[in-house]
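# Structural overview
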Amino acid sequence: EPALSQLETDALRNDRFHLIQAAPVAGSIGAEARELITSSEDIFVFDQSGRKLIDGPAGMWCVNVGHRNQALADTLHDQAMSLTYSTPWYTSNAPAEKLAQILAERAPGDLNHVFLTTGGSSAVETAIRLVQFYNNVRGQPQKKLLVSRQGSYHGSTYLTASLNGRPRDHDWMDGASELVRKLTCPNPFHRPANLSVEAFEDFLVDEFRKLIAHEGAGRIAAFVAEPIQASGGVLMSPPNYLKRMRALCAENDILFIADEVVTAFGRLGHIFASEDVFGIQPDMITFAKGVTSGYFPLGGVMVSERLFAELRRSNHPNANFVHGLTYSSHPIGCAVAIRNIELLEDGLLEHAREIGPYFQEQLRTLEELPLVGEVRGAGLMAGIECVADAKAENPFDLDLTVGKRIDFHCQENGLLVRPLINMCVMSPPLTINRSQIDMMTDALRKGIEATA
Ligand code: PLP
């Protein structure tokens, strides 16, 4: 069967990648001692020795409005002193109601319902439980398989980690692998040498089509995808890939879940990126991080009106979606999210859209360095991937401490980066200005040169 042989080939390729990734990083700089961060201000953090560092990853893709924002700190305080907490099981609260309304107005298409959680993993986990519930109540209990991609990251709970496509997330771990099928990572930089980007896109879409034919559409519940694979190394897919995958899902009654935990709330210049940047309307969108700019742990899943309507029409009218977290719809988190969205819409989204191209352009100048294989990204997120030597037979066969060593040298030049094996990812607070982007690029250049 062609479908199987293709999948097998990919499995082999990914296995090889796995072996490379799994090599020990013993002796790497900084492996034993972690940087102690003591305070922060706008785009900067300060370490215990008083060093001022640009916060290259904005914490963990999250401090979108910048550190030490007075308005968000006041909101946190005021909400704690007004309504500290109310249970999401039997009551609701005004900030949660208002936030739901705000999100529904901004989400694409008919994504008018939201379930609020405590972060990204719980948002994706909630989405998956909702998908299972949906298929059970509509009499399709066999529709359970989840499709994700190599290179993806969806969380660290049991089920979300099972979706992850980064080999290191599975080392020495079990997972719900019987529920998950993984497709090839859509990153063109690692495509087979004989394929053009267009041919690679065809291959990826075809691979999904073959998987559907092989498993049967009646067994596949959902496709889960980050519009840009963030923690995989800011992996961008070929131009029409997401639209074509979305169409395949619609044709086969497979729900499309866009995991926008990183891409939403300004990182790409919009509240949600699915439609505004990628031209797709998912059935669900998961989000977290930037929704509160990291000032309070909050996430959620937007759910389409269509899905809800089907649930209401279901032949099990008494089925209840019994699912909730103590801190779902937390009033403090919701109040912070509302204020945070106001700040984003009060010029920051516009600023991110305006400055994003400059950020990309400046970072791409690093491609002239021999160690840099590719700089990629969109908006205010970028990945720098190092290679052994552009002319080497296997450019990816390189010292895997390289990301950590770059981080070490960048810190000497005033910049904190997020090292990812042979890559560094950058996603600064959206408040960053042009001269700070220049400082960042300069620190990266010096850090990479010192590493080479
Ligand atoms: N989904 C994506 C795309 C992420 O990048 C992350 C975290 O980095 C998660 C889900 C998990 O979110 P959390 O760490 O808030 O549980």
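Residues numbered from 1 in each chain as written. Predicted model: local features only at pLDDT ≥ 70, side-chain atom pairs only at ≥ 80, totals over all residues.

## Brief notes about the packing of helix α3 (residues 70–80) against helix α10 (residues 331–364)
- In contact at an axis separation of 9 Å, α3 and α10 are set at 150° when each is read in the N-to-C sense. By the angle between their axes, α3 is roughly antiparallel relative to α10. In terms of crossing hand, the pair formed by α3 and α10 is right-handed. Side by side, α3 and α10 meet where A71, L72, T75, L76, Q79 and A80 of the first sit next to P331, I332, A335, V336, R339, N340 and L343 of the second.
- Residues of the contact of α3 with α10, tallied by class, amount to 9 nonpolar, 3 polar and 1 charged. (Axes fitted to C-alpha atoms, helices over the stretch in contact; angles between N-to-C directions. Helix = DSSP H or I, 4+ residues; strand = E, 2+ residues; numbered from the N terminus. Parallel < 35°, antiparallel > 145°, perpendicular 65-115°, else oblique. Left-handed = near helix turned anticlockwise from the far one by under 90°. Contact = placed C-beta atoms within 7 Å. Nonpolar A, V, L, I, M, F, W, Y, C, P; charged D, E, K, R; others polar.)

## Some thoughts on the domain arrangement of the chain
- When its domains are assigned, the chain resolves into domain 1 (28–68 + 347–451) and domain 2 (70–343).
- Taken together, the contact between domain 1 and domain 2 spans 26 residues of the former and 20 residues of the latter.
- Among the secondary structure elements, those contributing two or more residues to the side of domain 1 that touches domain 2 are α2 (58–61), α10, β11 (372–378), β12 (381–386) and β15 (423–426).
- The leading source of residues in the side of domain 1 that touches domain 2 is α10, at 5 residues.
- Here the residues of the side of domain 1 that touches domain 2 are counted per class, giving 15 nonpolar, 7 polar and 4 charged. (Domains from an automatic or database assignment.)

## Some words on the packing of helix α4 (residues 94–106) against α10
- Interaxial distance between α4 and α10 falls to 8 Å at its minimum, and their mutual angle equals 40°. Taken together, α4 and α10 sit at an angle that is classed as oblique. Relative to α10, α4 is oriented so that their crossing is left-handed. Within the contact between the two elements, α4 uses P95, A96, K98, L99 and I102 and α10 uses P331, C334, A335, A337, I338 and I341.
- Of the residues that constitute the contact of α4 with α10, the class distribution is 10 nonpolar, no polar and 1 charged.

## Overview of the sheet that holds strand β9 (residues 284–287)
- Pairing within the open sheet is mixed, and its 7 strands lie in the order β4-β10-β9-β8-β7-β5-β6. Only two strands of the sheet have a single neighbouring strand rather than two, namely β4 (113–117) and β6 (180–183). The sheet shows a mean angle of 20° between the axes of neighbouring strands, taken without regard to direction.
- Across 3 bridges, strand β8 (residues 255–259) lies against β9 in parallel orientation. Following the sheet pairing, I257 is matched in β9 by M284.
- Running over the sheet, helix α7 (residues 197–215) touches β5 (145–149), β6 and β7 (220–225) and is turned about 155° from β6. (Pairing = 2+ DSSP bridges.)

## Looking at the environment of L83
- Within the fold, L83 resides in the loop between α3 and α4.
- For the pair L83 and I257, spaced 174 residues apart in sequence, the C-alpha to C-alpha distance is 33 Å.
- Non-local contacts of L83, meaning those with residues more than four positions away in its chain, are made with N93 and P331.

## Quick word on the pairing of strand β2 (residues 44–47)
- Direction of pairing for strand β1 (residues 37–41) relative to β2: antiparallel, over a ladder of 4 bridges. Note on β2: the bridge partner recorded for E41 is F44.
- Connecting β1 to the next strand, β2, in antiparallel fashion are 2 residues, including D42 with a positive phi near 50°.
- Two elements, β2 and strand β3 (residues 52–55), share 3 bridges in a ladder whose sense is antiparallel. Bridging across to β3, V45 finds its partner in L53.
- Remark: 4 residues form the turn of the hairpin made by β2 and β3, two consecutive strands paired antiparallel; G50 in that turn has positive phi of roughly 85°.

## Here we look at the sheet that holds β3
- Across the sheet, which stays open at both edges, the 4 strands sit in the order β1-β2-β3-β13 with mixed pairing between neighbours. Each end of this open sheet is capped by a strand with a single partner; those strands are β1 and β13 (415–416).

## A short note on α4
- With 13 residues, α4 extends 19 Å from end C-alpha to end C-alpha; this agrees with the ideal 18 Å at 1.5 Å per step.
- Three or more residues of α4 are buried, namely P95, A96, L99, A100 and L103. Down the axis of α4, the buried set is contained in an arc of 135°. They therefore lie on one face. In this structure, α4 carries E97 and E105 as exposed residues pointing more than 90 degrees from its buried face.
- Those residues of α4 that are buried are in contact with α3, β4, β10 (299–303) and α10. (Expected span 1.5 Å × (residues − 1). Buried ≥ 20, exposed ≤ 12 C-beta atoms within 10 Å, placed from the backbone. Arc of directions from axis to C-beta.)

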